[in-house]
Structure formats: C-alpha cells, structure tokens
Amino acid sequence: MLFFRKWGFPAVMLGPFILLIAIFFFLPVILITILAFTNMDSAMQWTFNGLANFQRLFHDPNILEILTHTLVYVVFTLVINVIFGLILSIITTYFIQKESVSLFIRTIWMLPRMSPPVVYILLWLWFLDSSQYGVLNSIRSLLHMGPQALLTTHPMLVVILANGVIGASYGMIIFSSAIKSIPQDLYQAAKVDGSSTWSIIYEIIIPSLRWPIMFVTMWQLLSLLTSYEYILLLTKGGPLHESEVLSLYSFHSAFQNFEFGYGSAVALVLVVIALILSFVMWKVFGMNKMIKNSRID
C-alpha cells in the first residue's frame with residue numbers, strides 16, 4: 001500500500017511514455033542486436049553466424065569511404081545547425097526588437113521544418129535542376145554563366161546545405177526561447193556600464209545559453225548520425241557512394257540488398273558510435289558540474 005501511494009501517481013503519469021520508449025526505442029535495439037549476429041536475408045530465414053557480419057564489415061571496401069562521408073556530413077551539418085541557429089536567434093531576439101518582425105522571420109525559417117520532407121526535397125531538386133529550367137541555372141544564365149549540376153559534382157555539399165538549413169530552425173527556436181528568458185535588467189546594466197554589443201553577446205547571452213547549446217548539440221549530433229531520409233530523397237547516397245553515410249548504408253544493405261543481418265550489424269555499430277559520442281559530449285560540456293546543487297544557500 002505504501003509503495004502504491006509513493007509510486008502509483010508517477011507510474012500512471014509516466015507509464016504510457018515509458019511504454020512507448022520501450023516499444024519504439026529499446027525493443028528495436030534489442031532486435032537489431034540479435035539480427036546482427038545472424039545471416040537473415042530475403043528468405044527471412046536465419047541462423048546465428050557469430051561475428052561473421054562484423055568481420056565482413058571491417059573488410060568492406062566501401063566502409064572507409066562511408067565513414068569519412070559520415071564524419072564530414074555530421075561535423076559540418078552540426079556546425080551549421082548550432083552556430084547558424086544561434087546567429088538567427090540572436091538576430092531575431094536581440095537586434096530586432098519589434099516582435100512582429102522577428103516572429104515573421106522565425107516563422108518563415110520554420111516553414112521547411114513544418115513541410116513534409118518530400119516537399120522540402122522537391123524544392124531543392126527544382127532549385128538545383130541541372131537543366132536550364134532549374135532555379136540556380138536560370139540565375140546563372142542571366143549572368144551569362146554556364147549551367148551547373150551540383151547534385152552530381154558536389155552531392156555532399158548539397159546534402160550538408162539541405163540538412164543545415166532545416167536543422168538551424170530547431171536551434172533557432174530553442175535559443176530564442178532561452179534568450180527571451182534573460183532579464184532585461186542585465187542588458188540595461190551592461191549598456192549603462194558602456195559595454196559594446198559584442199560584449200553583451202559574449203558576456204551575457206552566450207553564458208546564459210550553455211544548457212540550450214549543450215542540448216541542441218547533443219540532440220542534433222545523435223539525429224544526424226541516425227537519420228538518412230533527406231539524403232535518401234535527395235541523392236540516394238550517390239552518385240556511387242559519394243554521399244552515402246553509415247545510417248543510409250545500413251538501410252540500403254537491409255532493404256535494398258535484403259541483407260538484414262549485415263544491415264543490422266552496421267546499425268549496431270552506429271548505435272555504439274552514438275553512445276561513445278554521447279559520453280564524449282557529456283564530458284566536453286561538463287555535465288557533472290552543471291547538474292550539481294548550487295553552493296549558494
């Protein structure tokens with residue numbers, strides 16, 4: 001009876017969310033871990049084959065190139081998502097004081113995130129169309145410049161830009177909310193003391209965003225590691241493997257080549273990488289210090 005009084009209400013409130021997390025997050029990881037040690041293929045019949053999939057992975061001729069692409073994609077897209085999102089939030093909350101104007105800018109920037117991924121990618125495909133009817137090539141023709149086919153010549157650059165633009169909107173919203181919570185008295189006191197705009201940003205705004213920056217960085221890092229839908233719709237990982245990342249390679253192995261065991265092994269390696277990077281980011285941001293109780297009584 002005492003146990004029910006103590007944990008009954010939290011169980012009722014948190015139970016459905018814990019159940020959803022267990023079904024859609026932990027259960028798939030368990031299934032992937034099991035399948036990674038099997039030879040399941042299109043016949044949906046399998047037997048345990050030990051470490052054969054992982055041995056094949058380390059001898060895969062494409063894996064080094066794909067890991068390099070994954071590193072480039074995650075690092076540069078993460079920089080755009082966090083830094084550009086931070087710049088947008090500072091512009092729309094500190095420099096633009098008129099709420100209607102800043103709200104309009106944030107709304108416009110949120111439109112890609114509110115749009116279905118297929119619609120968003122179709123706009124990019126239209127913009128980068130290699131024919132004379134593409135938006136970019138139409139602009140280039142007006143400037144008497146030759147057409148460009150960026151999707152085939154620089155596919156990774158296009159992938160980074162497409163994901164960076166839509167990812168910056170998430171950071172913009174989080175950072176904007178945090179900046180609005182900073183008391184205006186701090187700005188006024190700094191201006192009275194003769195602080196410059198850069199000093200206010202560096203000494204007041206940035207330190208106040210430590211928690212949001214940490215959250216957005218870790219969230220976007222894990223999201224970029226595991227997501228592939230925009231790459232799949234935009235370049236399909238091509239041409240050849242020039243824009244293939246590890247998560248998309250897992251998808252192609254499992255659902256295009258019907259090598260479910262090998263695809264699960266690639267996904268399991270990705271899970272391990274995500275856990276290691278989460279631990280590293282925990283240490284980099286000094287999470288232990290941030291969650292300690294304040295020494296001020």
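Position labels on residues start from 1 in each chain and follow its written sequence. Only residues with pLDDT of 70 or above have their local features reported here, since the model is predicted, and side-chain atom pairs are shown and tallied only from 80 upward, although totals for entire chains, interfaces and linings are computed over all residues. Excluding hydrogens and water, the side-chain values take into account all heavy atoms of the structure.

Draft legend 1. Broad picture of the overall build of the chain. In DSSP terms, a helix is any run of H or I states spanning at least four residues, a strand is any run of E spanning at least two, and both are numbered starting from the N terminus. Looking only at helices and strands, the chain features 15 helices and 0 strands. Dimensions of the chain, computed from the C-alpha atoms along their principal axes, are close to 80 × 70 × 30 Å. Each residue is placed in one exposure class: buried if its accessible area under a 1.4 Å probe, protein chains only, is under 20% of its type's maximum, exposed if it is over 50%, and partly exposed if it falls in between. Looking at the chain residue by residue over its 297 residues, the buried ones come to 37%. For this analysis, residues touch if any pair of their heavy atoms sits within 4.5 Å. Partitioning the contacts of the chain with sequence separation of at least 6, the portion at a separation of at least 24 is 67%. Areas reported as accessible are Shrake-Rupley estimates using a 1.4 Å probe. Residue values count occlusion only from the protein chains shown. As presented, the chain carries roughly 18300 Å² of accessible surface, and 73% of it is formed by carbon and sulfur atoms. Just so you know, the count uses Lys and Arg for positive and Asp and Glu for negative, and it drops His and the chain ends. To locate a charge, take atom NZ for lysine, CZ for arginine, CG for aspartate or CD for glutamate. Across the chain, the centroid of the 15 positively charged side chains sits 13 Å from that of the 13 negatively charged ones.

Draft legend 2. Quick peek at the UniProt feature "transmembrane region" (unreviewed entry) in the chain. Under the UniProt annotation, the feature "transmembrane region" (unreviewed entry) is placed at residues 12-37, 71-96, 117-136, 156-179, 200-222 and 260-285. Between the C-alpha atoms that bound residues 200-222 there is a distance of 31 Å. The span itself is 96% helix and 0% strand. UniProt positions are given in the numbering used here, feature names are shortened, and annotations may be inferred rather than shown by experiment.

Draft legend 3. Spotlight on the environment of Phe-17. Structurally, the position occupied by Phe-17 is in helix H1 (residues 2-35). Residue Phe-17 is classed as exposed on the basis of its relative accessible area, which comes to 54%. Residues Phe-17 and Leu-246, 229 residues apart in the sequence, show an inter-C-alpha distance of 29 Å.

Draft legend 4. Structural view of the side chain of Ser-243. Position of Ser-243 among the secondary structure elements: in the loop between helix H12 (229-234) and helix H13 (246-256). Under the relative-accessibility criterion, Ser-243 is labelled buried at 0%. Reaching out from Ser-243, the side chain makes a polar contact with the side chain of Thr-235 at a distance of 2.7 Å. Pairs of N or O atoms within 3.5 Å make up the polar contacts considered here, provided that, within protein, one atom can donate a hydrogen while the other can accept it, and that residues adjacent in sequence are counted only when both atoms are side-chain atoms.

Draft legend 5. Spotlight on helix H14 (residues 260-284). Here H14 is 25 residues long and its end C-alpha atoms lie 36 Å apart, about the 36 Å a rise of 1.5 Å per residue gives. Gly-286 sits one or two residues past H14 and shows a positive phi near 60°. Expected span, for any helix, means 1.5 Å times one less than how many residues it has.

Draft legend 6. Spotlight on the side chain of His-252. By the secondary structure assignment, His-252 is in helix H13. Owing to a relative accessible area of 9%, His-252 belongs among the buried residues under this scheme. Once residues within four sequence positions are removed from consideration, His-252 is found in contact with Leu-232, Lys-236, Glu-244 and Asn-257.

Draft legend 7. Local environment of the environment of Trp-282. Residue position: Trp-282 is located in helix H14. Since its relative accessible area comes to 34%, Trp-282 is described here as partly exposed. Spatially, the C-alpha atoms of Trp-282 and Met-214 are 8.7 Å apart, while their sequence positions differ by 68 residues.

Draft legend 8. Looking closely at the nonpolar core. Here the nonpolar core consists of buried residues drawn from Ala, Val, Leu, Ile, Met, Phe, Trp, Tyr and Cys, with membership extended through side-chain atoms lying within 4.5 Å. One finds Tyr-73, Ile-90, Tyr-120, Tyr-187, Ile-205, Leu-209 and Leu-234 to be the most contacted residues of the largest nonpolar core, which totals 52 residues. The residues touching Tyr-187, leaving out its near neighbours within four places in the chain, are Tyr-94, Ile-179, Ile-182, Ile-200, Ile-204 and Ile-205.

Draft legend 9. Representation of helix H8 (residues 155-180) within the structure. Across its 26 residues, H8 extends 38 Å between first and last C-alpha, which sits within 8% of the 38 Å expected from 1.5 Å per residue. The largest bend in H8 is about 25°, located at Val-165. Among the 26 residues in H8, 19 count as buried, and that is most of the element. The reported bend at a residue is simply the angle between two axes, fitted to the 7 residues ending at it and to the 7 residues beginning with it.

Draft legend 10. A look at the pattern of salt bridges. In the sections that follow, a salt bridge refers to a side-chain nitrogen of Lys or Arg positioned within 4 Å of a carboxyl oxygen of Asp or Glu. One pass over the full model with this rule turns up 3 salt bridges. For Arg-56, the salt bridge goes to Glu-259, with nearest N and O atoms at 3.0 Å. One end of the pair, Arg-56, is in helix H2 (residues 52-58); the other, Glu-259, is in the loop between H13 and H14, with 203 residues separating them in the sequence. The closest approach of N and O atoms between Glu-99 and Arg-106, which form a salt bridge, is 3.3 Å. A cluster of three or more residues bridged by salt bridges with shared partners is formed by Glu-99, Arg-106 and Lys-180.

Draft legend 11. A look at the packing of aromatic side chains. When the centres of two rings from Phe, Tyr and Trp lie within 6.5 Å, Trp using its six-membered ring, the rings pair. Their planes under 30 degrees apart give stacked, over 60 give edge-to-face, and anything left gives tilted. The full count for this structure, using the stated rule, is 17 aromatic pairs. When the ring of Tyr-94 is compared with that of Phe-95, the centres are 5.2 Å apart and the planes differ by 85°; the resulting orientation is edge-to-face. For Tyr-94, a relative accessible area of 9% translates into the label buried. With a centroid separation of 6.4 Å and an interplanar angle of 80°, the aromatic rings of Trp-124 and Phe-127 are classed as edge-to-face. Placement of the pair is Trp-124 and Phe-127 together in helix H5 (residues 117-127), with a separation of 3 residues, close to one helical turn. Ring pairs connect the aromatic residues Tyr-228, Phe-251, Phe-255, Phe-258 and Phe-260, which therefore count as one cluster.

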